[in-house]
Amino acid sequence: MRRPVFTTSIPLAWLLLTAAATPGHSQQDTSWQIYLDRPAAVGDRCSVSSTGSQTRRLRTNLPGQMPEDSLDTLEISYAATQEVLAVGKNGQPVHVRITVEKLETNDGSGPQQQFTPGTVLEATSEGDETHFHQGRDLLEGTLADALNLAGANLGSTNEPSEDAVFQNSQPVRPGTKLPADPRLLARAITLTTPFMTHVSGTSGELFFDKATICQDIPALSTESKFNIGLKGFKSSPDRELKESFIRAVNTRVLPIDPSLPLLHETLETDMRISTCTEKEEEETKKAIENGEDEEPGFTTVFHRKASREVKPLPPAGKPS
C-alpha cells in the first residue's frame, strides 16, 4: 500500500522541519527516518531535467590480433515528463511513458537534437535491462545510451531493498554514517549487473548530511559511496577479471514524505574491467619480451557523471 501524501495546507513534514529549527532544538539534534526505497504507483508523474557525460576507453592486446585503443564520448541534455504505467514485484516502475521535450546529444561531432518536442517514448524493464521504444521501433546505440545517461532507465526487476543493504530501519541524526552489509551489497550487484563480485573487496556507506528544503518540499540530503570488487562475468565464470572495480559516489535529496520520489541526484561512477586468460597472458608475455610493452588481454575504463532534477506532478487530468 502506498504511504499517504500530505495534503494539508501546511504539510506536516514542513511543521516538523521548522519545529526542529526552533531555538534550543536544532536540526542536528533531531532524528529522521530516511526512506531509500520509494515504491511507485501506476499514474505517478514527474518532470525530469538532467545533464550528463561519459567516456569509455577500450584497449586490447590479444595474441594474433592487432592492438586496439579506442575512445568513445557522449554528452547529453534532457528534459521530459515521465508517467508510470506499471510497477514490478519490488514496487519499482517496469513500464513508463516518456514525453520528451529535449534530448540533445554530442558524441564529439557536435550537438544534435534527437527528437522533436512532444515525442512519446516508452521504457520497459526486462530483467536487468531497460528497453526504449518509439512506437514499434526499438531505440539502440547512441539513443539508448543517451536515455540511460539522462536517467530515463528503469531499475532492475531483481533489485533488492536498498534500506536492507544499509540496514536502514531506525531514525538517525545528521552526521550519521550507515555502513552497507558487504554481503548484501555484493549480492545486489551480482543480481542486477552482468558481474560476479568479491565480497571482500566490496563496501558501501550512506552519510546523512542534513535536513533541507527543496522545491518547497521538506527533504533530507544524503551521500552514498560504493566500492565494488569485480571478479568475473556471470556469462563466462571461467574468465577471471583482474584489478577490476566499480566505484561510485551518489548524492540525493529525498523528501521526508516517503510517497514522493527523490528530488535531486548526482552520480559519478568509475569502472575498470580488465581480463586476460592464462594462454593469452603467456603468449603476450613472449611478445613483451620481444620489445612490446602493451598490457595483455583487454581493458575497458569507463567514467560517467550525471545530474538530474525531479519535480513531482499531479496525476494526468488533475490540475497542478
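**Q** What exactly am I supposed to notice about the overall build of the protein chain here?
**A** Of the regular secondary structure elements, the protein chain holds five helices and 13 strands. By the burial criterion, 39% of the 320 residues in the protein chain qualify as buried. When contacts within the protein chain are restricted to residue pairs at least 6 apart in sequence, long-range pairs at least 24 apart make up 65% of them. Summing over all exposed atoms, the protein chain offers an accessible surface of approximately 17,300 Å²; the carbon and sulfur share of this is 52%.

**Q** Before we go on, may I ask you to explain the pattern of salt bridges in this structure?
**A** Once their charged atoms are close, side chains differing in charge can pair, the charge on each being opposite to the other. Under the counting rule described, the total for this entry stands at seven salt bridges. Here glutamate 83 and arginine 97 are joined by a salt bridge, their closest N and O atoms 3.1 Å apart. Placement of the pair is glutamate 83 in strand β2 (residues 68-87) and arginine 97 in strand β3 (residues 93-106), with a sequence separation of 14 residues. Residue arginine 308 pairs with glutamate 265 through a salt bridge whose shortest N-O separation is 2.8 Å. Here arginine 308 is found in strand β13 (residues 297-313), whereas its partner glutamate 265 is found in strand β12 (residues 264-275), with 43 residues between them in sequence. A network of salt bridges, in which partner residues are shared, links Arg57, Arg59 and Asp69.

**Q** When you look at the environment of serine 109 in this model, what are you seeing that I'm missing?
**A** Along the chain, the position of serine 109 falls in the loop between β3 and β4 (112-113). According to the relative accessible area criterion, serine 109 is exposed, its value standing at 63%. Along the backbone, serine 109 and threonine 73 are 36 residues apart, and their C-alpha atoms lie at a distance of 10.0 Å. For serine 109, the side chain forms a polar contact with the side chain of aspartate 107, separated by 2.5 Å.

**Q** What am I meant to see in the confidence of the model for the protein chain here?
**A** Fine structural detail should not be taken from predicted coordinates in areas where pLDDT scores are low. The predicted model of the protein chain has a mean per-residue pLDDT of 87, with 83% of residues at 70 or higher. Counting interchain partners and residues more than four positions distant, the pLDDT-below-50 stretch residues 1-11 has 20 contacts. In the model, residues 18-24 has pLDDT below 50 throughout and makes seven contacts with residues more than four positions away in sequence or in other chains.

**Q** Where do I start with the packing of aromatic side chains in this structure?
**A** One pass over the structure, following the stated rule, counts two aromatic pairs. For the ring pair phenylalanine 195 and phenylalanine 233, a centre distance of 5.4 Å and an interplane angle of 35 degrees mean the geometry is tilted. Residue phenylalanine 195 is found in strand β9 (residues 195-214), and its partner phenylalanine 233 is found in strand β10 (residues 217-233); the two are separated by 38 residues along the sequence. Phenylalanine 195 sits in the buried class, given a relative accessible area of 7%. When the ring centre of phenylalanine 245 is taken as origin, the NZ or CZ atom of arginine 247, which lies over that ring, is 3.8 Å away.

**Q** Would you mind showing me how to read the nonpolar core here?
**A** Looking at soluble globular proteins, one finds that nonpolar side chains tend to be buried together. One finds Tyr78, Ile98, Leu103, Leu147 and Phe195 to be the most contacted residues of the largest nonpolar core, which totals 50 residues. Element by element, the count of residues in this core is highest for helix α2 (residues 142-150), at five residues. Discounting residues that sit within four places of it in the chain, leucine 147 has contacts with Tyr78, Leu103, Leu121, Phe132, Leu139, Ala152 and Asn153.

**Q** Just to check I follow, could you spell out the pairing of β12 for this structure?
**A** In this sheet, β12 lies alongside strand β11 (residues 236-255) in antiparallel orientation, the contact comprising ten bridges. Bridge assignment links valine 249 to a residue of β12, and that residue is glutamate 268. Pairing analysis gives twelve bridges linking β12 to β13, with the strands arranged antiparallel. By the bridge assignment for β13, arginine 272 is matched with valine 301.

**Q** Is there a simple way to think about α2 in this case?
**A** Residues spaced three or four apart along an α-helix point in a common direction, a consequence of the helix completing one turn every 3.6 residues. What α2 keeps buried is the set Leu143, Ala144, Ala146, Leu147, Leu149 and Ala150. Positioned one or two residues after α2, glycine 151 has a phi angle of 90 degrees, which is positive.

**Q** Any chance you could explain the side chain of aspartate 163 here in plain terms?
**A** For aspartate 163, the position within the fold is in helix α3 (residues 162-165). Classification of aspartate 163 as buried rests on a relative accessible area of 12%. Of the polar contacts made by the side chain of aspartate 163, one reaches the backbone nitrogen of leucine 36; its length is 3.2 Å. Excluding residues within four positions of it along the chain, aspartate 163 makes contact with Ile34, Tyr35, Leu36, Asp37 and Asn168.

Procedures and definitions
Residues numbered from 1 in each chain as written. Predicted model: local features only at pLDDT ≥ 70, side-chain atom pairs only at ≥ 80, totals over all residues. Heavy atoms only, no water. Helix = DSSP H or I, 4+ residues; strand = E, 2+ residues; numbered from the N terminus. Buried < 20%, exposed > 50% of the residue type's maximum accessible area, 1.4 Å probe, protein only. Contact = heavy atoms within 4.5 Å. Areas by Shrake-Rupley, 256 points an atom, 1.4 Å probe, with all protein chains shown as cover. Salt bridge = Lys/Arg side-chain N within 4 Å of Asp/Glu carboxyl O. Polar contact = N/O pair within 3.5 Å; in protein donor to acceptor, adjacent residues only side chain to side chain. pLDDT = per-residue confidence, 0-100. Phe/Tyr/Trp six-rings, centres within 6.5 Å; stacked < 30°, edge-to-face > 60°. Lys NZ or Arg CZ within 6 Å of the ring centre and 35° of its normal. Core = buried A, V, L, I, M, F, W, Y, C linked by side-chain atoms within 4.5 Å. Pairing = 2+ DSSP bridges.

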